[in-house]
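# Remarks on the overall topology
Listed here are the chains, written in short residue letters.
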Amino acid sequence: MHLGDIEEVVKGSSEKLLRTAVPPVKYWTNRFALQLPDDSAEQARLLAECERFPPRLKLLKAQREDGTWPIAGPRASAERRGPGPPYGWTYTTMLRSLYELAEYKTSRTEGNIQTGLELILSWQDDEGYIPGPSLVGIPEVNVNGFALSILNRFGMGGDRRVRRLRDWLVTKQRNDGGWSIPFIQDMRYDPEYRYMRSSVFEELVREGKVKGYDPSRYSDVPSCTWTTLSVLRGMVQDKEMRFDPRILRAGNFFLDQFFKRNHHACYYRSEKSWTTLKYPTYHGSGLVGLEMLTAMGFGRSDPRMERPIEWLAAARSADGLWHTTERPTPGRDEWISTMAVSALARYCRSR
């Protein structure tokens, strides 16, 4: 596909979104696809509309004074029977709700947002990571990458606790440039556990029955594609780290895996995960990957980008949007469409 054709895709889809989408989608389309500055009259108008956006107001109102959100009865009961947050569904709900509020251009000074962010950081381990939400008892690199992304998006990147979280993630980077969930995604390559169901293996880990873990023994095991993407999303939100050689090495690892089967069965194993358009976008996909890669500066000078970009441009439907299902779902389709046009626009602007 020629550059001019991709530029036409960006132009046509941006115009469609700016005519029909909800205010936050219009704001992000202007900012990333069209590079309209925040001090422009149009962006100021959209930011005012974002403040009144009903889903944003509803989510803010639902947040409790302690910074959490209510969770369903069965999950609340299971959490009470366990050690409590950050283990359990409360932490997951906080991360997902804060992600949505960041998408809606919410400030951390509003409502109980700052309280929620402080609560998350209060759970930080001495090593720098945040435990949970599963009960397996190991640091979940993918969740910590997601948490780092949210903390950065709410302007907490300069906080020493957030820097400790970031630095902990950097120390867990593997030889090939990527990341895996320690223990779960590498020790499973031992013959003793290779064919064991993940739930059974995790139960053994939880009960302390799996001994002798030495990360250096598994340096030859490839990293997990989607765990790597989760960490990259956190790092890209940090201006200091976006072009750091270590993070660019991770971007190269991820790009080399594009369209390939993930090495680890417990996290989006199928090749279809690349081309499945998902919403919410905190789930890993090729679309999210291209948003991260183009933000890191990967573009037209890298021939590896050509095929993924052509796939993304061709995935647009005749109506000018990208769709998660055969049946139109505007609340989802507008969000993934603004992400798509932003990635394509950055690719076109690259050298």
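Anyway, here's the lowdown on the structure attached to this text. (Residues numbered from 1 in each chain as written. Predicted model: local features only at pLDDT ≥ 70, side-chain atom pairs only at ≥ 80, totals over all residues. Heavy atoms only, no water.)

## Things to note about the overall build of the protein chain
For the protein chain, the count of helices and strands is 16 helices and 0 strands. Taken over C-alpha atoms, the radius of gyration comes to 20 Å for the protein chain, in line with the 20 Å a tight globule of 351 residues would show. Referenced to the eigenvectors of the C-alpha coordinate spread, the extents of the protein chain come out at roughly 60 × 50 × 40 Å. Looking at the protein chain as a whole, 54% of its 351 residues are labelled buried. Within the protein chain, residue pairs in contact and separated by at least 24 positions form 70% of the contacts whose partners lie at least 6 positions apart. When the accessible area of the protein chain is evaluated, it comes to approximately 16300 Å², of which 50% is carbon and sulfur surface. With 51 positive and 44 negative side-chain charges, the protein chain shows a spacing of 2 Å between the two charge centroids. (Helix = DSSP H or I, 4+ residues; strand = E, 2+ residues; numbered from the N terminus. Rg over C-alpha atoms; globule rule 2.2 N^0.38 Å. Buried < 20%, exposed > 50% of the residue type's maximum accessible area, 1.4 Å probe, protein only. Contact = heavy atoms within 4.5 Å. Areas by Shrake-Rupley, 256 points an atom, 1.4 Å probe, with all protein chains shown as cover. Lys, Arg positive; Asp, Glu negative; His and termini not counted. Charge placed at Lys NZ, Arg CZ, Asp CG, Glu CD.)

## Focus on the packing of helix H14 (residues 286-295) against helix H16 (residues 330-349)
How two helices pack is summed up by the angle between their axes together with the distance between the axes. At a minimum axis separation of 9 Å, H14 and H16 run at an interaxial angle of 35 degrees. For the crossing formed where H14 meets H16, the hand is left-handed. Each of Leu287, Val288, Leu290, Glu291, Thr294 and Ala295 in H14 lies in contact with H16, whose residues at this interface are Ile336, Met339, Ala340, Ala343, Arg346 and Tyr347. (Axes fitted to C-alpha atoms, helices over the stretch in contact; angles between N-to-C directions. Left-handed = near helix turned anticlockwise from the far one by under 90°.)

## Considering helix H2 (residues 23-33)
With 9 of 11 residues buried, H2 lies mostly within the body of the structure. For H2, every residue scored as buried is listed here: Pro23, Pro24, Val25, Lys26, Tyr27, Trp28, Thr29, Asn30 and Ala33. As for H2, its buried residues are in contact with helix H1 (3-20), helix H3 (41-51), helix H6 (89-103), helix H8 (141-153) and H16. Positive backbone phi, approximately 55 degrees, marks Gln35, located one or two places after H2.

## Things to note about the packing of aromatic side chains
Where two aromatic rings form a pair, the distance of their centres and the angle of their planes describe that pair. Enumeration over the complete set of coordinates arrives at 15 aromatic pairs. Geometrically, the ring pair formed by Tyr91 and Trp123 is edge-to-face, given 5.5 Å between the ring centres and 75 degrees between the ring planes. Of this pair, Tyr91 sits in helix H6 while Trp123 sits in the loop between helix H7 (113-122) and H8, and the two are 32 residues apart along the sequence. When the centroid spacing of 4.3 Å and the interplanar angle of 35 degrees are considered together, the rings of Phe258 and Trp274 count as tilted. Of this pair, Phe258 sits in the loop between helix H12 (245-256) and helix H13 (272-275) while Trp274 sits in helix H13, placing them 16 residues apart in sequence. Each member of the pair, Phe258 as well as Trp274, is classed as buried. Put simply, the rings of Trp226, Phe254, Phe258, Phe259, Trp274 and Trp311 pair up and form one aromatic cluster. Geometry around Trp89 places Arg75 over its ring, the cationic atom sitting 3.6 Å from the centre. The ring of Phe32 has Arg346 lying over it, and the distance from NZ or CZ to the ring centre is 5.6 Å. (Phe/Tyr/Trp six-rings, centres within 6.5 Å; stacked < 30°, edge-to-face > 60°. Lys NZ or Arg CZ within 6 Å of the ring centre and 35° of its normal.)

## Observations concerning the environment of Phe254
Inspection of the secondary structure assignment puts Phe254 in helix H12. What Phe254 contacts, discounting residues up to four positions off in sequence, is Thr225, Trp226, Leu229, Leu232, Trp274, Gly289 and Leu293.

## Looking at helix H11 (residues 225-236)
The end-to-end C-alpha distance of H11 is 16 Å, a good match for the 16 Å that 12 residues give at a rise of 1.5 Å each. Most of H11 sits out of view: 12 of its 12 residues are buried. Among the residues of H11, those classed as buried are Thr225, Trp226, Thr227, Thr228, Leu229, Ser230, Val231, Leu232, Arg233, Gly234, Met235 and Val236. (Expected span 1.5 Å × (residues − 1).)

## Structural notes on the pattern of salt bridges
Taken as a whole and assessed by the stated rule, the structure comprises 17 salt bridges. Notably, a salt bridge pairs Glu240 with Arg166, separated by 3.3 Å at the nearest N-O pair. Within this pair, whereas Glu240 is found in the loop between H11 and H12, its partner Arg166 is found in helix H9 (residues 160-171), the two being separated by 74 residues in sequence. The network of salt bridges with shared partners includes Arg163, Arg166, Asp167, Asp238 and Glu240. (Salt bridge = Lys/Arg side-chain N within 4 Å of Asp/Glu carboxyl O.)

## A few points about the side chain of Glu291
As for its position among the elements, Glu291 is in helix H14. Within the buried set, Glu291 has no salt-bridge partner at all; the shortest N-O distance to an opposite charge, 4.2 Å, is to Arg233. For Glu291, the contacting residues outside a window of four places in its chain are Arg233, Met339, Ala343 and Arg346.

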